[in-house]
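Examination of the molecular architecture
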Amino acid sequence: MEGRAAALGAGTVLNALATGTGAAFGIDVETRAAVDLDPAADGVAGEIAEDPDADTDLIERCVSLATDRWGDDEGGTVRTDSDVPLAAGLKSSSAAANATVLATCDALGLVVGDGGRASDDAVGDDPDDPAVDVTRLEACRLGVRAAREVGVTVTGAFDDATASMLGGVTVTDNDADELRARETVDWDVLVWTPPERAYSADADVARCEAVAPMADLVTDLVFDGRYGEAMTVNGLAFSAALGFDADPAVEAMPHATAVSLSGTGPSVVAVADPADPETDLDAVADAWADRPGTLRRTTTRADGATVE
């Protein structure tokens, strides 16, 4: 009983730590999961290819919850490999959870819905479709539950998880695990990831809550469809709240549609509308070139996670 799936990394439009409302967007970096189920196995053993010593509780819990809900409590193994750096603000945990849940569904022989990708306006797949055993939103919520249970997230990160699962920009109520909106975007993306790492569960929630008035402003911009402005305001507010240097964002602003600290950092993500001649991510890359760490060029994605 083998299954494989892949899920997207994502960038932040609105950090949910201040108010519980969050927004994120899928980008073209992936985490892949391979699950091998064995009814005779006692428990689940996990492996993370990039770091054999990394904590595998999240992916193991995802398999256990999925087989408990849709299978017969099978054990087995799960292995992930990823283009998404760990603890860098690019939603590595959400991508790993989504890929693992979908791969487990695949191993169980279940048909997973299309995540609403048939329509730009859709926010999920049809739970009444008789051809679908599991909707992507169901799978997404199961991964969020696993993340909460093993303590890798403060809010549950439903915004990050839906962007990873569905693609496009997603707007969520993280307290209720409710998807409030989804829309596709077409941006070129530049990511700067410094060498240090920041774990979401260690974020200073009280300082993030202190910038709630700015988060409310960002929320208004998001529901107005002004994602670029929302993203940039979010980045400045949460860089201050979480103690990150805002200089990379300021350097990018003249050349980008938007720029923000992603998640709880440390990555900074700049985006550019390819139809806007005033944007120039090459200029942003030049400005960031001397900073320690890595630069990655990619794009947004609207297709979301896939069963392979």
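Values in this document were obtained by computation on a predicted structure and should not be read as measured data. (Residues numbered from 1 in each chain as written. Predicted model: local features only at pLDDT ≥ 70, side-chain atom pairs only at ≥ 80, totals over all residues. Heavy atoms only, no water.)

Turning our attention to the domain arrangement of the protein. Assigned domains within the protein: domain 1 (2–183) and domain 2 (188–299). Put simply, the middle of domain 1 and the middle of domain 2, counted by C-alpha atoms, are 24 Å apart. Contacts between the two partners involve 31 residues from domain 1, matched on the other side by 37 residues from domain 2. Between domain 1 and domain 2 lies a buried interface of about 2600 Å² when both sides are counted; carbon and sulfur atoms form 66% of it. (Domains from an automatic or database assignment. Contact = heavy atoms within 4.5 Å. Buried area = accessible area lost by both parts, 1.4 Å probe.)

As a further point, take helix 7 (residues 227–242). Taking 1.5 Å per residue, 16 residues should reach 22 Å; helix 7 reaches 22 Å between its end C-alpha atoms and fits that length. Of all 16 residues making up helix 7, 12 are buried, and the element is well covered by its neighbours. Taken together, the buried positions of helix 7 are occupied by Y227, G228, A230, M231, T232, N234, G235, A237, F238, S239, A241 and L242. Downstream of helix 7 by one or two residues, G243 has phi in the positive range, about 80°. (Helix = DSSP H or I, 4+ residues; strand = E, 2+ residues; numbered from the N terminus. Expected span 1.5 Å × (residues − 1). Buried < 20%, exposed > 50% of the residue type's maximum accessible area, 1.4 Å probe, protein only.)

For helix 6 (residues 212–223), with 12 residues, the first-to-last C-alpha span of 16 Å sits near the 16 Å given by 1.5 Å per residue. The set of residues buried in helix 6 consists of A212, A215, V218, T219, L221 and V222. Along the long axis of helix 6, the arc covered by the buried residues comes to 165°, so they all point the same way. Turned more than 90 degrees away from the buried face of helix 6, the exposed residues are P213 and D220. Buried residues in helix 6 make contact with strand 1 (2–14), strand 2 (21–38), strand 5 (169–173), helix 5 (205–210) and helix 7. Looking one or two places after helix 6, you find G225, whose phi comes out positive at around 75°. (Arc of directions from axis to C-beta.)

Turning next to the packing of aromatic side chains. Within a pair of aromatic rings, the relevant descriptors are the distance that separates the centres and the angle that separates the planes. One pass over the structure, following the stated rule, counts 2 aromatic pairs. Where W192 meets W288, the ring centres are 6.5 Å apart and the plane angle is 45°; that geometry is what we call tilted. With W192 in strand 7 (residues 188–193) and W288 in helix 9 (residues 281–288), this pair connects stretches of sequence that are 96 residues apart. (Phe/Tyr/Trp six-rings, centres within 6.5 Å; stacked < 30°, edge-to-face > 60°.)

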